[in-house]
Amino acid sequence: MITSRQNEFVKRVASLKEKKYRAAYGEYIIEGVKQVREAIACGQDVGHIVVSESYAGDVFDAGKTVCVSDGVFAKLSEESSPQGILAVLKLPKNPLRPPEGNCLLLDGVSDPGNLGTIIRTANAAGYGEIYLLGCADPYAPKCVRSAMSGIFFVDLFRISETGTLFEGVPLICADMGGENVFSFHAPEKFCLVIGNEANGVSESVRRQCAFTVRIPMRGSCESLNAGVSAGILMYELTKGASAK
C-alpha cells in the first residue's frame, strides 16, 4: 500500500487533474464504482485502478489495482464524499472525420459542467459525434463527472475551424432569434450548433448555419442553461426528423 503523497505514482495521477499533464501523459481520471465498472465493460483502455485502504467494493482487475492510504486517496479524489475507487484511462484517439449521423457542434461552451451534461445527454439522445470548437476540456474532472459514462460512448473531436467538415450537412443554430423549435421540421441529417454560455454562437459559425431555432420561453425568463437547452433541442429535433 502506498502511504506517501510524495510517491511518484501518486504525483503523476494527481497531476492528471491539470489539462497540460493530461495532454502530456495522454491519460485522464474517472472516479466512482459505476464509472470504473462501465469503463471496463465497454472496453476502455484502463491503465491503473486506484483504491483506498478502506475501499470494500468490487475489485475489477487485480493486476492493475494499486492500493493507497485514505489520506493519499483524498489527495487524488475530486469528490466531496469519495467512494474510494478511481481509474486512470488512456485518452481516446479519434481521427477527425465528417459526421456519420446527427451530431453536435459546440462553439465555445466554456463551463465543464455544461459540457459534461451535454455529452451525457447526447449519448442518451443518440448523437454519437460531438465537435468541440474552442470549448472546455472534455476530460477535465468536473466535465467527466458531469458526463458520467456518456463520455465512453460518443466520439469527441476537438477542432480549430469547421472548414469543409460539415459539407452537405445542414447546421442548425440554437439562438433566441430563431424559429420555434416545436414547429420546426428538421432535415433527416443535421448538425445542432450550441454556442457559448454568455455570447451564443460565434458570427463565423452562424454564417454557415442553414437554420436557426429557439426554445419558446415566458417573458420572465431570459435564457436557459446551455446543458438544459441542448437537451431539449436534441430530443425535439430528432423527433421532428423522424416524423418526416
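To be clear, the structure that these remarks concern was listed above.
All of these numbers come straight from a predicted model, not from anything done at the bench.

A. The overall build of the chain, seen in detail. Within the chain one finds 8 helices and 10 strands. Counting all 244 residues of the chain, 47% fall into the buried class. Nonlocal contacts in the chain, meaning residues at least 24 apart in sequence, comprise 75% of its contacts between residues at least 6 apart. Within the chain, one finds 25 positive and 27 negative side-chain charges whose respective centroids are separated by 2 Å.

B. Summary view of helix α3 (residues 33-41). Listing the buried residues of α3 in full gives Val33, Gln35, Val36 and Ala39. Against the buried residues of α3 lie β1 (27-31), β2 (46-52), β4 (85-90) and α6 (141-147). One or two steps after α3, the chain reaches Gly43, where phi turns positive at roughly 80°.

C. Looking closely at the pattern of salt bridges. Across all of its chains, the model carries 15 salt bridges by this definition. A salt bridge links Glu27 to Arg12, with the nearest nitrogen and oxygen atoms 3.4 Å apart. In this pair, Glu27 is assigned in strand β1 and Arg12 in helix α1 (residues 8-15), connecting sequence segments 15 residues apart. With a relative accessible area of 34%, Arg12 lands in the partly exposed category. Among the ionic pairs, Glu203 bridges to Arg206, the shortest N-O distance being 3.9 Å. Pair noted here: Glu203 and Arg206 are both in helix α7 (residues 203-206), with a separation of 3 residues, about one helical turn. Look at Glu203 and you get partly exposed, because its relative accessible area is 49%.

Each value, and the rule that gives it
Residues numbered from 1 in each chain as written. Predicted model: local features only at pLDDT ≥ 70, side-chain atom pairs only at ≥ 80, totals over all residues. Heavy atoms only, no water. Helix = DSSP H or I, 4+ residues; strand = E, 2+ residues; numbered from the N terminus. Buried < 20%, exposed > 50% of the residue type's maximum accessible area, 1.4 Å probe, protein only. Contact = heavy atoms within 4.5 Å. Lys, Arg positive; Asp, Glu negative; His and termini not counted. Charge placed at Lys NZ, Arg CZ, Asp CG, Glu CD. Salt bridge = Lys/Arg side-chain N within 4 Å of Asp/Glu carboxyl O.

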